[in-house]
Amino acid sequence: MRAVLLGPPGSGKGTQGQKLADQLRAPRIATGDIIRDHIARRTAFGLKVEERIAAGDYAPDEDIIHLVSLRLAQPDATQGYVLDGFPRNLNQARLFDATGGADAPAVDVVIALEIDETVLIERTAGRLVCPKCASVYQMHLQPPKQAGRCDRDGETLVRRPEDDPGTMPHRLDVYHQSTLPLTQYYAQQGKLRPVDASGSPDEVFQRILFALKDR
Ligand SMILES: [Zn+2]
């Protein structure tokens, strides 16, 4: 199954994407992780997009398509994948669809996580990440065992610049502007499955599995 997971920042998309990937025995391919890796390694692409990402904006479409195509060419992605953070907008979705064929479309199903904005702002404001292993914590819902330290390697946890509460209204604007045409596009193809993303990660995942049954 070739699945796309859509959801605003703070909707639990990363967690659900990993659960779904495990269930489908397919890789979770998160463009955010790929981009952050480039920034950390200070590649030409990383240096180019660093400021835009920190401000809550997106990397250019053509760069993203290129990165995703390289990743999907890896052997683990031939039987299916869970895309997280891609496509971001209608242009990317159209370009991506053009890479698939009639018997192997680029996308089979699109899960759209839906959640109230005040909850999103609370969740992202409390989010902390490990700069070493990329583990994600949430101060209230999923705190580390020792305050401010990664459970896996003891590294000091940090807040991503784009998770600053001051950046969130802009991030949500960017998300809604680019995602609404995207959901309409996939709805017209009959591939869109909206899922309520409130509640615990397990509750949300059960809803995702239920939504995938009727396809
Ligand atoms: Zn860590």
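Okay, so let's go over this structure. As a convention, each chain's residues are numbered from 1 in the sequence order in which they are written. Local features in this predicted model are restricted to residues whose pLDDT is 70 or higher, and side-chain atom pairs enter the listing and the counts only when it is 80 or higher, whereas totals over whole chains, interfaces and linings include all residues. Excluded from the side-chain calculation are hydrogens and water; included are all heavy atoms of the structure.

Attention now goes to the side chain of Gln92. Each helix corresponds to a stretch of at least 4 residues labelled H or I by DSSP, and each strand to a stretch of at least 2 residues labelled E; elements are numbered beginning at the N terminus. As for its placement among the helices and strands, Gln92 is situated in helix H5 (residues 90–97). Here the term buried applies to any residue with accessible area under 20% of the maximum for its type, exposed to any over 50%, and partly exposed to those in between, with areas from a 1.4 Å probe on protein chains only. The exposure class assigned to Gln92 is buried, which follows from its relative accessible area of 1%. Between N or O atoms, a polar contact is any pair within 3.5 Å; within protein, one atom must be a potential hydrogen donor and the other a potential acceptor, and residues adjacent in sequence are included only when both atoms are from side chains. Here Arg88 takes part through its backbone nitrogen, which lies 2.7 Å from a polar atom of the side chain of Gln92. Dropping the residues within four chain positions of it, Gln92 is found in contact with Asp61, Ile64, Ile65, Phe86 and Pro87. Note on contacts: a residue pair qualifies if any of its non-hydrogen atoms lie within 4.5 Å across the two residues.

The topology assignment puts Cys133 in the loop between strand E5 (127–129) and strand E6 (136–138). On the accessibility criterion, Cys133 (24% relative accessible area) is partly exposed. Through-space distance from the C-alpha of Cys133 to that of Leu180 is 33 Å; in sequence the pair is 47 residues apart. Excluding residues within four positions of it along the chain, Cys133 makes contact with Cys150, Arg152 and Asp153.

The next subject is unusual backbone geometry. In the segment running from Phe86 into Pro87, the intervening peptide bond is cis, with an omega of -10 degrees. Mapped onto the elements, Pro87 comes out in the loop between strand E3 (81–84) and H5. Positive phi, normally seen in glycine, also occurs at Arg25, with a value near 50 degrees. Along the chain, the position of Arg25 falls in the loop between helix H1 (13–24) and strand E2 (28–30). Overall, the relative accessible area of 79% leaves Arg25 in the exposed class.

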